[in-house]
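Reading the structure
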Amino acid sequence: MSVAEQKLTYLTAAGRFDLCCPGECIRPLSAAHYVTYNRRAGGCGRMLKMLLNGTCAYDCGYCPVRLQREQVSFSPGEFADTFLRLWRDGLVEGLFLSSGIPRDVDLVMHDLVETGEILRRRGYDGYLHLKVLPGATRADIHDAARVADRISINLETTSPDRLGGIAGVKDYRQDILKRQAWVAEEKPGRHTTQLVIGAADETDAEVLACLADQYRRVRPSRVYFSAFRAMQGTPLASHPDTPAWRARRWYQADYLLRDYGVAADDLRVVLDEDGLFPNRDPKEVLAASQGPVNVNLASRRALLRVPGIGPKGADRILSCRKERPFSGPPDLVRAGIRGHAAGRHLTFGERGTVQTQLLLSSADSPGRGEGYRTFPNSVPTSAADR
Ligand code: SF4
């Protein structure tokens, strides 16, 4: 194995803790077994994920990179040569590049940006995701945003106090939140972040408040969640692991917040008295707490809260019921809705009553649907819902 191959093996293994897609699976690349990559059907494909530097002088208690003593790193030019060979041979399609911080953060951030610039200059037109390091300068963030398709900075946890309990060097407000605001300005709609769920003993109520703040202030395109795993040799080695389901529940809850128009306040109903999620689909819990929804009268937003109905399904229901009201579960199946999941949260109402109300409401006020407020089985809705 060449020196470059040895470095690739080492630095891709070290880079596996940074997430770049939900539910990602890391596989060895069969044609070049020293390279691991992130293979996700329909997602980012053969994404090489790695660190430019495999050591770090920071002290994040959950992170194994800080324990590495072997100084393994690529210079920007050396890595660009290696990556371009893999890319031209068709072995990789995208790059997610992060780094440990073994020395001055500006120098390391500069190397990340320079790597991206060299790749672009030399004809690489594939996907490039660059990690923004805590404390990076505005100028480097600007350059990273210019050269990369996507950039990200990791929150790691929910607040300054929580971070202070697991990492002594990084300042949550200055090094992370301030830089994240710059990231959002430089790459609006094309930046992400990551939380290590459970590392700092934060509750799910705290995670929810943190996400609400994220979507209000900086609007990341995705938030990734990893369940904390204790690593031998780290200060958190004896800290209990976070069950994998808790991170999965957060992906589900995040969909509700981001894509389904559910307000963070509404999602609080899912939390128990300790501010923690139960191991149940939050959408199921939310739907059960709200009572059944009348499929013939509910607003799009109310339909989206029904398990088994996503944005496309809600649109199909709105379109189908203009032609003919739904009279039972078989109509749902015909509209492509998973009847068994949605059925128990839906009512269908009196066919004639619904038909009459739909006609009346469209005659009175096209598109408003006055019947929403009077039909007994429908979830109360407001103008804001529509
Ligand atoms: S900054 Fe913290 S999380 Fe990042 S590589 Fe260094 S020790 Fe690990």
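Reading the values: rules and limits
- Residues numbered from 1 in each chain as written.
- Predicted model: local features only at pLDDT ≥ 70, side-chain atom pairs only at ≥ 80, totals over all residues.
- Heavy atoms only, no water.
- Helix = DSSP H or I, 4+ residues; strand = E, 2+ residues; numbered from the N terminus.
- Buried < 20%, exposed > 50% of the residue type's maximum accessible area, 1.4 Å probe, protein only.
- Contact = heavy atoms within 4.5 Å.
- Near = heavy atom within 4 Å.
- Nonpolar A, V, L, I, M, F, W, Y, C, P; charged D, E, K, R; others polar.
- Salt bridge = Lys/Arg side-chain N within 4 Å of Asp/Glu carboxyl O.
- Phe/Tyr/Trp six-rings, centres within 6.5 Å; stacked < 30°, edge-to-face > 60°.
- Lys NZ or Arg CZ within 6 Å of the ring centre and 35° of its normal.
- Axes fitted to C-alpha atoms, helices over the stretch in contact; angles between N-to-C directions.
- Left-handed = near helix turned anticlockwise from the far one by under 90°.
- Polar contact = N/O pair within 3.5 Å; in protein donor to acceptor, adjacent residues only side chain to side chain.
- Parallel < 35°, antiparallel > 145°, perpendicular 65-115°, else oblique.
- Pairing = 2+ DSSP bridges.
- Right-handed = clockwise from strand over helix to strand, strands pointing away.

Attention now goes to the overall build of the protein. If you tally the helices and strands in the protein, you get 15 helices and 10 strands. The buried share of the protein, reckoned over its 386 residues, is 54%. For the protein, long-range pairs separated by at least 24 residues make up 66% of all intrachain contacts whose partners lie at least 6 apart in sequence.

For the ligand, the full set of nearby residues is Cys56, Tyr58, Cys60, Tyr62, Cys63, Arg66 and Lys170. Its residues assigned to classes, the shell around the ligand comprises 5 nonpolar, no polar and 2 charged.

With respect to the secondary-structure elements, aspartate 149 resides in the loop between helix H4 (138–147) and strand S6 (150–152). Taking the C-alpha atoms as reference points, aspartate 149 and lysine 187, 38 residues apart in sequence, are found 8.8 Å from one another. Beyond its immediate sequence surroundings of up to four residues, aspartate 149 is in contact with Arg120, Gly126, Tyr127, Leu128, Lys187 and Arg190.

Turning to the pattern of salt bridges, a few remarks are in order. Using the criterion set out here, one finds 22 salt bridges in the structure. Aspartate 149 is paired through a salt bridge with arginine 120; the nearest N and O atoms lie 3.0 Å apart. Of the two residues, aspartate 149 is situated in the loop between H4 and S6 and arginine 120 in helix H3 (residues 105–121); the sequence distance between them amounts to 29 residues. According to the relative accessible area criterion, aspartate 149 is partly exposed, its value standing at 24%.

This model, assessed by the stated rule, comprises 7 aromatic pairs. A ring pair is formed by phenylalanine 74 and phenylalanine 79, whose centres lie 5.5 Å apart and whose planes are at 55 degrees; its orientation type is tilted. A single burial state applies to phenylalanine 74 and to phenylalanine 79, both of which are buried. Ring geometry for tryptophan 87 versus tyrosine 124: centroids 4.9 Å apart, planes at 85 degrees, classification edge-to-face. Of this pair, tryptophan 87 sits in helix H2 (residues 76–88) while tyrosine 124 sits in the loop between H3 and strand S5 (127–131), placing them 37 residues apart in sequence. When its relative accessible area of 1% is taken as the criterion, tyrosine 124 is described as buried. Cluster of aromatic residues (ring-pair linked, three or more members): Phe74, Phe79, Phe83, Trp87 and Tyr124. For lysine 49, the ring lying beneath its charged end belongs to phenylalanine 96, and the centroid distance is 5.7 Å.

To continue, consider the packing of helix H7 (residues 204–217) against helix H8 (residues 244–259). Look at H7 against H8: their axes get within 11 Å of each other, and the N-to-C directions meet at 35 degrees. Of the two elements, H7 crosses H8, and the hand of that crossing is right-handed. Contacts between H7 and H8 involve Asp204, Val207, Leu208, Leu211 and Tyr215 on the former and, on the latter, Arg246, Trp250, Asp254, Leu257 and Arg258. Taken together, the residues of the contact of H7 with H8 sort by class into 6 nonpolar, no polar and 4 charged.

As for its placement among the helices and strands, asparagine 296 is situated in the loop between strand S9 (293–294) and helix H11 (300–304). Among the polar contacts made by the side chain of asparagine 296, one reaches the main-chain amide nitrogen of phenylalanine 326 at a distance of 2.6 Å.

This part is about the packing of H2 against H3. Packing of H2 against H3 leaves a shortest axis separation of 9 Å and a crossing angle of 45 degrees. Judged by the inter-axis angle, H2 sits oblique to H3. Handedness of the crossing formed by H2 with H3: right-handed. Judged by residue contacts, Pro76, Gly77, Phe79, Ala80, Phe83 and Leu84 of H2 engage Asp111, Glu114, Thr115, Ile118 and Leu119 from H3.

Turning our attention to the pairing of S5. Taking burial as the measure, the 5 residues of S5 include 4 buried ones, the bulk of the element. Here 4 bridges tie strand S4 (residues 94–98) to S5, and the two strands are oriented parallel to one another. Bridged to glycine 94 within S5 is tyrosine 127. One crossover worth recording links S4 to the parallel S5 by way of H3, and it is right-handed.

Below, the discussion takes up H4. Burial in H4 covers these residues: Asp140, Ile141, Ala144, Ala145 and Val147. Contact partners of the buried residues in H4: H3, S5, S6 and helix H6 (172–186).

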